[in-house]
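These are the residues of each chain, in order.
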Amino acid sequence: HVSSPLPPRVLTHDPVANWAHPAAVNGAIESFVRAAALELGKVVRINAVSPTVVEDSPAHFSYFPGHTPVTMERVVNAYIKSAIGAGTGKVIEVY
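Residues numbered from 1 in each chain as written. Predicted model: local features only at pLDDT ≥ 70, side-chain atom pairs only at ≥ 80, totals over all residues. Heavy atoms only, no water.

### Digging into the overall build of the protein chain
- Of regular secondary structure, the protein chain possesses two helices and three strands.
- Across the protein chain, helices and strands are ordered from the amino to the carboxyl terminus as β-α-β-α-β.
- C-alpha extents for the protein chain along the principal axes are approximately 40 × 25 × 15 Å.
- Burial status across the protein chain gives 33% buried among its 95 residues.
- Within the protein chain, residue pairs in contact and separated by at least 24 positions form 62% of the contacts whose partners lie at least 6 positions apart.
- Taken as a whole, the protein chain presents about 5700 Å² of accessible surface, with 62% of it coming from carbon and sulfur.
- Charge centroids of the protein chain, computed over 7 positive and 7 negative side chains, lie 10 Å from each other. (Helix = DSSP H or I, 4+ residues; strand = E, 2+ residues; numbered from the N terminus. Buried < 20%, exposed > 50% of the residue type's maximum accessible area, 1.4 Å probe, protein only. Contact = heavy atoms within 4.5 Å. Areas by Shrake-Rupley, 256 points an atom, 1.4 Å probe, with all protein chains shown as cover. Lys, Arg positive; Asp, Glu negative; His and termini not counted. Charge placed at Lys NZ, Arg CZ, Asp CG, Glu CD.)

### Regarding the pairing of strand 2 (residues 44–51)
- The buried count for strand 2 comes to seven of eight residues, which makes it a mostly enclosed element.
- Note that the unit made of strand 2, helix 2 (residues 72–84) and strand 3 (residues 91–94) has a crossover that is left-handed. (Right-handed = clockwise from strand over helix to strand, strands pointing away.)

### Examining helix 1 (residues 20–40)
- For helix 1, built from 21 residues, the straight-helix expectation of 30 Å at 1.5 Å per residue is met to within 8% by its first-to-last C-alpha distance of 30 Å.
- Three or more residues of helix 1 are buried, namely Pro22, Ala23, Asn26, Glu30, Val33, Ala36 and Ala37. One face of helix 1 carries all of its buried residues, which in axial projection span an arc of 165°. The exposed set on the far side of helix 1, more than 90 degrees from its buried face, consists of Ala20, His21, Ala24, Leu38 and Glu39. (Expected span 1.5 Å × (residues − 1). Arc of directions from axis to C-beta.)

### Things to note about the pattern of salt bridges
- For the structure shown, the criterion picks out one salt bridge.
- A salt bridge links Glu30 to Arg34; the shortest N-O distance between them is 3.8 Å. Here Glu30 and its partner Arg34 are both found in helix 1, four residues apart, which amounts to about one turn of the helix. (Salt bridge = Lys/Arg side-chain N within 4 Å of Asp/Glu carboxyl O.)

Here's what the structure looks like:
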């Protein structure tokens, strides 16, 4: 089995001003993951990890006003779950 995690971001569900284009791309990635999982069956697992801004990136905090940063450990664990967990077609949110 192959696992392919894709990275949308929090903007899909909680957009910020002047970032409509990334929010649209993020929504497309989430939709693609759900639809592709149906077509790929059990041969290939595909998931998306959707974190908010990470604590280790204070230079980016101003781009995400009102968002609470998460730890890098939580983001890494979400990617591990995506890669070696049993799920497919999932969007793993890290907010």
